[in-house]
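Spelled out from the first residue to the last, the chains are:
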Amino acid sequence: MMDTADEGGRRPRLRLFWVFGLIGFLLCNWVDGFQDLNVTEHQFMDGYGFSTSPLVAGLTLIAGAASTGAVCLDGTLPGYHLHRGYGSGANRWLIHLEGGGWCDSIRTCVFRKKTHHGSSLHMEKLIPFTGILSNRAEENPDFYNWNRVKLRYCDGASFSGDGQIEAKKLYFRGQRIWSAAMKDLMSKGMRYANQALLSGCSAGGLASILHCDEFRELFPGTTRVKCLSDAGLFLDEIDVSGGRTLRRMFSGVVRLQQVGKTLPQACINHRNPTLCFFPQHLIAQTKTPLFLLNSAYDSWQVLASIAPPTADPHGYWQGCRANYADCSSSQIQFLQDFRKQMLNAVNRFSRSKRNGLFINSCFAHCQTERQDTWFAHDSPRIGNKGIAKSVGDWYFDRAEVKAIDCPYPCDNTCHNLVFSRDFPGK
């Protein structure tokens, strides 16, 4: 497989202003996805294929949200970034849900509310719109002229949950934030949409699954409505110690933030709430057409769920989780077994013609937001078709898309993430 670091020298150099601005923004978002599993800063940025001056969109706070208790962890107003569509896209809407991990305890939520994933006081006022949010046809051919929204993530439970701890001034209002944002956007023209797509990355990708059918219900039956989950297929699988790191964490999230009362009833009727926070128990029951984009060796899950430092106290996986090239044969086999579990999890889901699938054999995470993985001359492909083309073909019913890559190491189009070896767990 090709690593982005190997190609950096062949890519055009970006203007320093945009390089450091975009790297800082994306690194903050990536790091926050790991904060609750004792994994901190990682070095993975190299050439990201951004245009020299990408569109930046300003932050809009949802003024009426407080009246319904739809507030961030610290009680501040939630917000979003919107860039208006035009031409054929004037009545088409793409809502992208931001990712950024979860908080599963009072301690981690108190920490989180002092960051941009828990308070609008700390949110960036301007963010770059790249990848699926780009306004350029050459970077985003199917959605460039749509109304494109990035809904900021400041609750810590994938836009779900409904509770509070008054003594700590913690407000778990993810479900209310979702509802307030949708109401506000409907009032700003989304109610006239003839086509709509709900997407999200990581924790936002999980949220796009959780809220997919709710999103469908906002519109009349004549509106084409579909959902896209990018890197949101978090699996309830055994880690390298034989435990279940992610189940333990999700259990804390669900219990602390009272997520159970906001989860799909069809799942809650048959399983405990923690299991219903895992997408593998939701996707087959989702009625609205859904596209799953995921890496079979998802970098976040390798680092923070399958082989986190807490499950690897002696550091046997330290080199492997930093760089796939340093994995032993037995470690690769463990990762191959994880891939098999992912394919098993989507087996029933994939049988429906309305659903789409793109599971590549890369060590990556969130491929719709990065320009180099979403749509570029050397973007990842399966069967000579890239991610943006696959999503577009599925959304517009141009072709059925059920793309599953061959196992590692056969794919030489990947943009794999490689981390420094000095992160925690060494």
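Residues numbered from 1 in each chain as written. Predicted model: local features only at pLDDT ≥ 70, side-chain atom pairs only at ≥ 80, totals over all residues. Heavy atoms only, no water.

A few points about helix α7 (residues 245-256)
Item 1. Over its twelve residues, α7 extends 17 Å from the first C-alpha to the last, a length consistent with the 16 Å expected when each residue adds 1.5 Å.
Item 2. Taken together, the buried positions of α7 are occupied by Thr245, Leu246, Met249, Phe250, Gly252, Val253, Val254 and Leu256.
Item 3. On the buried face of α7, the contacting elements are α3 (106-112), β6 (163-165), β7 (170-172), α5 (203-210) and α9 (299-306). (Helix = DSSP H or I, 4+ residues; strand = E, 2+ residues; numbered from the N terminus. Expected span 1.5 Å × (residues − 1). Buried < 20%, exposed > 50% of the residue type's maximum accessible area, 1.4 Å probe, protein only. Contact = heavy atoms within 4.5 Å.)

Some details on the pattern of salt bridges
Item 1. Tallying each qualifying case throughout the model produces 18 salt bridges.
Item 2. A salt bridge links glutamate 124 to arginine 152, with the nearest nitrogen and oxygen atoms 2.5 Å apart. Remark: arginine 152 occurs in the loop between β5 (147-151) and β6 and glutamate 124 occurs in the loop between α3 and β4 (126-128); sequence separation between them is 28 residues.
Item 3. Classification of glutamate 124 by relative accessible area gives buried; the value is 19%.
Item 4. Across the salt bridge formed by arginine 398 and aspartate 142, the nearest N and O atoms sit 2.9 Å from each other. Within this pair, whereas arginine 398 is found in the loop between α14 (387-395) and β14 (402-404), its partner aspartate 142 is found in the loop between β4 and β5, the two being separated by 256 residues in sequence.
Item 5. With a relative accessible area of 18%, aspartate 142 lands in the buried category. (Salt bridge = Lys/Arg side-chain N within 4 Å of Asp/Glu carboxyl O.)

As for the confidence of the model for the protein
Item 1. Scored by pLDDT, the protein comes out at a mean of 89, with 86% of its residues at no less than 70.
Item 2. Note that residues 1-49 has pLDDT below 50 and, in this model, 118 contacts with residues that lie over four places away or in other chains. (pLDDT = per-residue confidence, 0-100.)

Things to note about the layout of surface pockets
Item 1. Its volume calculated, the second largest pocket comes out at about 360 Å³.
Item 2. Taken together, the elements giving at least two residues each to the lining of the second largest pocket come down to α5, α6 (212-217) and α8 (265-268).
Item 3. Of the residues assigned to the lining of the second largest pocket, the class counts are six nonpolar, four polar and four charged. (1 Å grid on protein atoms, 1.4 Å probe; cavity = no way out; pocket = protein on both sides within 12 Å on 5 of 7 lines; lining within 4 Å. Points joined across faces, edges and corners; volume = space filled by probe spheres on them. Nonpolar A, V, L, I, M, F, W, Y, C, P; charged D, E, K, R; others polar.)

Comments concerning the state of the cysteines
The bond known as a disulfide is covalent and runs between the sulfur atoms of two cysteines.
Item 1. In total, this model carries eight disulfides according to the counting rule given.
Item 2. In this model, cysteine 103 is linked to cysteine 109 through a disulfide, with the two sulfur atoms separated by 2.1 Å. Since a negative S-S torsion denotes a left-handed disulfide, the cysteine 103-cysteine 109 link at about 90 degrees is right-handed. In this pair, the class of cysteine 103 matches that of cysteine 109, namely buried.
Item 3. Note that cysteine 406 is cross-linked by a disulfide to cysteine 410, the S-S spacing being 1.7 Å. (Disulfide = S-S within 2.5 Å.)

Regarding the pairing of strand β2 (residues 79-83)
Item 1. The element β2 is largely enclosed, with a buried count of four among its five residues.
Item 2. Here strand β1 (residues 56-61) pairs with β2 via three bridges, running antiparallel. Paired with threonine 60 across the two strands is tyrosine 80, which belongs to β2.
Item 3. Examined bridge by bridge, β2 and β5 share four bridges and lie antiparallel to one another. Within the sheet, the bridge partner assigned to leucine 82 lies in β5 and is valine 149. (Pairing = 2+ DSSP bridges.)

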